[in-house]
Amino acid sequence: MEIRKINFQRHGDDRGMLVALEENKEIPFKIKRVYYIYDTKKEVRRGLHAHKSLEQILICVHGSCMITLDNGNEKGTVLLDNPYEGIYVPNNMWREMHDFSEDAVLLVLASDFYREEDYIRDYNIFLKNIEEENS
Ligand code: T46
């Protein structure tokens, strides 16, 4: 599966760079939550779940990390290593974040508030849900 990166517009001048993200413009949903992940150990894999109803944009604003997405049929992995690039992660998508650099800060813009009930943490249940949707 090819994971398409979104290239955000950069506003650069001789002072440096700036990226601006607005809901329903660069971000294709209303932003209800922002969180960020940092100080992740190199050997750690985070995520390992899907969401029933949540859209997210992931941006590695500092350092780098790998993102693996799995839609139940196909998998793809992408390197995020630029603060002006992001990836869109829809619902029903298994995600894993791994190979974080020591200085990595992964910023996430989410379409909904945190709800534990929205998580699918069992891979077999995730696959079963996908099968049911496709039947
Ligand atoms: C996702 C990937 C990319 C909260 O209290 N509020 C929050 O908004 C979030 C995201 C987490 N938490 C708590 C719940 C856990 O006790 O923070 C702790 C760590 O969360 P979790 O183990 O879910 O973190 P990751 O890195 O495995 O996954 C996170 C998001 O949870 C998830 O939605 O898509 O980042």
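This report concerns the structure included in the present document. (Residues numbered from 1 in each chain as written. Predicted model: local features only at pLDDT ≥ 70, side-chain atom pairs only at ≥ 80, totals over all residues. Heavy atoms only, no water.)

## Quick look at the site of the ligand
Taken together, 13 residues surround the ligand, and among them R33, R46, H51, Q56 and Y119 come closest. Between R33 and the ligand, the recorded distance is 2.5 Å, taken from a side-chain N or O atom to an oxygen atom. Q56 places a side-chain nitrogen or oxygen 2.6 Å from an oxygen atom of the ligand. Against a free-state accessible area of 640 Å², the protein chains account for coverage of 67% of the ligand. (Near = heavy atom within 4 Å. Polar contact = N/O pair within 3.5 Å; in protein donor to acceptor, adjacent residues only side chain to side chain. Areas by Shrake-Rupley, 256 points an atom, 1.4 Å probe, with all protein chains shown as cover.)

## Brief notes about the pairing of strand β10 (residues 94-98)
In terms of burial, β10 is largely enclosed, as 5 of its 5 residues are buried. Judged by which residues are buried, β10 turns out to be covered on both faces: W94, E96 and H98 on one side and R95 and M97 on the other are all buried. The sheet contact formed by strand β5 (residues 46-51) and β10 spans 3 bridges and is antiparallel. Bridge pairing in β10 places G47 opposite E96. Across 5 bridges, the pairing between strand β7 (residues 65-70) and β10 is antiparallel. Counted as the bridge partner of D70 is W94 from β10. (Buried < 20%, exposed > 50% of the residue type's maximum accessible area, 1.4 Å probe, protein only. Helix = DSSP H or I, 4+ residues; strand = E, 2+ residues; numbered from the N terminus. Pairing = 2+ DSSP bridges.)

## Topic: the sheet that holds β5
Strand order across the open sheet formed by 5 strands is β8-β7-β10-β5-β12, with antiparallel pairing between neighbours. Of all the strands in the sheet, the pair left with one neighbour each is β8 (75-80) and β12 (119-120).

## Regarding the nonpolar core
Among the nonpolar cores identified, the biggest contains 17 residues, and L58, I67, L69, L80, I87, F100 and L106 are the most heavily contacted of them. For this core, the elements supplying multiple residues, two or more each, are β6 (56-62), β7, β8, β9 (85-89) and β11 (105-110). Looking at which element gives the most residues to this core, the answer is β7, with 3 residues. When sequence neighbours within four positions are dropped, the list of residues in contact with I67 reads I3, L58, G76, T77, V78, L80, I87, E96, M97, H98 and L106. F8, I27, I59 and L107 belong to the second largest nonpolar core, which has 7 residues in total. (Core = buried A, V, L, I, M, F, W, Y, C linked by side-chain atoms within 4.5 Å. Contact = heavy atoms within 4.5 Å.)

## A word on the pattern of salt bridges
Oppositely charged side chains can pair when the atoms bearing their charge come close. Applying the stated criterion across every chain, the model contains 11 salt bridges. With a shortest N-O distance of 4.0 Å, R115 and D112 are connected by a salt bridge. Classification of R115 by relative accessible area gives partly exposed; the value is 33%. (Salt bridge = Lys/Arg side-chain N within 4 Å of Asp/Glu carboxyl O.)

## Digging into the sheet that holds β11
Ordered by their spatial adjacency, 5 strands build an open sheet running β1-β9-β6-β11-β4, and the pairing between neighbours is antiparallel. Each edge of the open sheet is held by one strand with a lone partner, namely β1 (5-7) and β4 (33-38). Between one strand axis and the next, the sheet turns through 30 degrees on average, direction left out of account. As judged from the 3 bridges shared by β6 and β9, these two strands associate in the antiparallel manner. When the bridges of β9 are listed, L58 appears paired with I87. (Axes fitted to C-alpha atoms, helices over the stretch in contact; angles between N-to-C directions.)

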